Amino acid sequence: MKKDEKDNQPLSPAQVWKNASKLLKQKKPPAGKEQKKPSDYSYLNTLLTYQSKKIEEFQSEELFFYNKKEQIDNALRFYDTVYEEFCPKEKIINFPTYFPTEKLVNFELEEIYFRLDLDTLFYIFYTQVNTIYQYYAIKALKQRSWRFHSKYATWFQRLEEPRYITEDYEQGSYLFFDYDTTWQIRKKCDFTFEYKYLENTEF
């Protein structure tokens, strides 16, 4: 076989790897640049040697790790004891005698809610869910002509007489309480209030 024909023959995998290794050996780092030092993992040998000695002291690997677990358990028991000693579960605090010890009776009475401002009523409604306080807040809001939209979970009040009123909806300008973003009363024009979303429970 001629030399040219031999050169055109595909190389075997073994020859490819052999040629690649030759190229890597010939490749030198650029002048003026130092070769990166290989990572030093010698400390691992030190750790392994230390652990091997400790295992020999305890005669078996199982006994060595059991001893470690026992040390950890003892430490945890110590911290539990310290916590119980200095941080009792039942904190005994002696308040001055003039501090109130019970809830204000006024908030148990319905009449007080009709004198609260709107911001307080909305706060009670959205935070005191399924309580008598929420019930009283609802009554006070409805007494001030606010109506609840069940789809948007938002209170609305007519700003003016609706421009359109049908059996199913009304359309016009409204005030609404934006509890989700600004916690403010805002204006909504050309809003269609569908009656199927109007919460109209009579109290």
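Above this text is the structure in question.
Residues numbered from 1 in each chain as written. Predicted model: local features only at pLDDT ≥ 70, side-chain atom pairs only at ≥ 80, totals over all residues. Heavy atoms only, no water.

> So what about the overall build of the chain? Which residues, and what values?
Assigned secondary structure in the chain consists of six helices and six strands. For the chain, the succession of helices and strands along the chain, N to C, is α-α-α-α-α-α-β-β-β-β-β-β. A total of about 17,700 Å² of accessible surface is found on the chain, and carbon and sulfur atoms cover 54% of it. (Helix = DSSP H or I, 4+ residues; strand = E, 2+ residues; numbered from the N terminus. Areas by Shrake-Rupley, 256 points an atom, 1.4 Å probe, with all protein chains shown as cover.)

> Lay out the nonpolar core in plain terms, naming residues and giving numbers.
Counting residues in each nonpolar core, the largest one holds 18 residues, and the members touching the most others are Tyr-113, Leu-121, Phe-125 and Trp-155. In terms of residue count, the dominant contributor to this core is helix 6 (residues 132-143) (six residues). Among all residues touching Trp-155, those that are not within four sequence positions of it are Phe-122, Phe-125, Tyr-126, Ile-138, Leu-141, Lys-142, Trp-146, Arg-147, Phe-148, Leu-175, Phe-176 and Phe-177. Counting five residues, the second-largest nonpolar core is a separate cluster that includes Phe-156, Tyr-174, Phe-176 and Phe-193. (Core = buried A, V, L, I, M, F, W, Y, C linked by side-chain atoms within 4.5 Å. Buried < 20%, exposed > 50% of the residue type's maximum accessible area, 1.4 Å probe, protein only. Contact = heavy atoms within 4.5 Å.)

> Could you give me a rundown of helix 6, with the residues and numbers involved?
Relative to the 16 Å expected for 12 residues at 1.5 Å per residue, helix 6 spans 17 Å between its end C-alpha atoms, a close match to the ideal helical length. Inspection of helix 6 places Tyr-133, Gln-134, Tyr-136, Ala-137, Ile-138, Ala-140, Leu-141 and Lys-142 among the buried residues, and these make up the whole buried set. Where helix 6 is buried, its residues touch helix 5 (118-127), strand 1 (147-149), strand 2 (154-158) and strand 6 (198-199). One or two steps after helix 6, the chain reaches Ser-145, where phi turns positive at roughly 70°. (Expected span 1.5 Å × (residues − 1).)

> Give a description of the packing of aromatic side chains that names residues and reports values.
Evaluation of the coordinates by the stated rule reveals 21 aromatic pairs. A centroid spacing of 5.6 Å and a plane angle of 75° characterise the contact between Phe-156 and Phe-193, whose relative ring orientation is edge-to-face. One end of the pair, Phe-156, is in strand 2; the other, Phe-193, is in strand 5 (residues 184-194), with 37 residues separating them in the sequence. Note on accessibility: Phe-156 and Phe-193 belong to one class, buried. An aromatic cluster is present here, built from Phe-122, Phe-125, Tyr-126, Trp-146, Phe-148, Trp-155, Phe-177, Tyr-179 and Trp-183 joined pairwise through their rings. (Phe/Tyr/Trp six-rings, centres within 6.5 Å; stacked < 30°, edge-to-face > 60°.)

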